[in-house]
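Commentary on secondary and tertiary structure
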Amino acid sequence: MCKRFYTVISSVLALSMSAMFLLTACSGRKTEGESVVSPAAVTDSERGNPLQLVWLTQEGWAERMTGRRLGAVNQRIHELGYDFEIVFEGINDDTYDNYQQGITKAKENGRGDLMWTGYGDGDNPDTEGTYYRQIRLGNLLPLDDWLRTDMGKTLEEKYNTFDWERVTYKN
C-alpha cells in the first residue's frame, strides 16, 4: 500500500483520537528548545515491520504519548488490521507563532505525516484559522469523500456539534 493511503487512514484515526485529546489539558509548562521526539523505535518497512507515521503535535501531548500509551495506540491500530504505527513528535507550543513555525520547519525537513494544527481558529477561520493555513500550505488532505461514507458518518455521530465544528473545515 502507498504512504498516501496510510496517511488518509491514519488521518481518520487521528480524528477519532482527537476526541480523546480534547479532554487532555495543556500542562501550561514552558519548555526550552524546538521539539521533543517520542522515544519509539524507528521501524524498517523492508524487513516487514509496520510503516511508521509521524504525528506532529504540541510537546505536552508528545510527552504523554510514550511508553504504555503509545503501545496501546499502536496495538489498537494493529488489532484493527493496519500495518502501520504512529509516533508523536512534539513541537514547541509556548506561542502560536512558535508552533506554526515548528510545523513549517518540520514539513520543510520532510517530517510529519499527520498533524495537530494548533489553536488559533478564532472567530474567523477563513483568515485566521490554523486549518485554513495548513490547507493553503498543502499540509492537510481533504477527507470530504471519505466523510460521506458510512464510516465517515459514524465518526461524525461520535462528536457533539461544537467539537465537530472544531475539527472540521467548512463543515
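Provided above is the structure to which this section pertains.
Residues numbered from 1 in each chain as written. Predicted model: local features only at pLDDT ≥ 70, side-chain atom pairs only at ≥ 80, totals over all residues. Heavy atoms only, no water.

**Some words on the pairing of strand 2 (residues 51-58)**
This is how the line gets drawn: Whether a residue is buried, partly exposed or exposed follows from its accessible area with a 1.4 Å probe, protein chains only, as a fraction of its type maximum: under 20%, in between, or over 50%, in that order. By the criteria applied, helices consist of DSSP H or I runs no shorter than four residues and strands consist of E runs no shorter than two, each listed in order from the N terminus. One bridge is not enough; two strands pair if DSSP finds at least two bridges between them.
For strand 2, a buried count of seven out of eight residues is recorded, marking the element as mostly surrounded by other parts of the structure. In this sheet, strand 3 (residues 84-91) lies alongside strand 2 in parallel orientation, the contact comprising eight bridges. Counted as the bridge partner of Trp-55 is Phe-88 from strand 3. The pairing of strand 2 with strand 4 (residues 114-115) spans two bridges and is parallel. Bridged to Trp-55 within strand 4 is Leu-114.

**A short note on the nonpolar core**
Test applied: Nonpolar cores are built from buried Ala, Val, Leu, Ile, Met, Phe, Trp, Tyr and Cys residues. Side-chain atoms within 4.5 Å join them into one set.
Ranked by size, the top nonpolar core spans 21 residues in total, and within it Trp-55, Leu-56, Ile-86 and Phe-88 carry the most contacts. Ranked by residue count, the leading element in this core is strand 3, at five residues. One finds Trp-146, Tyr-159, Trp-164 and Val-167 within the second-largest nonpolar core, a separate group that totals six residues.

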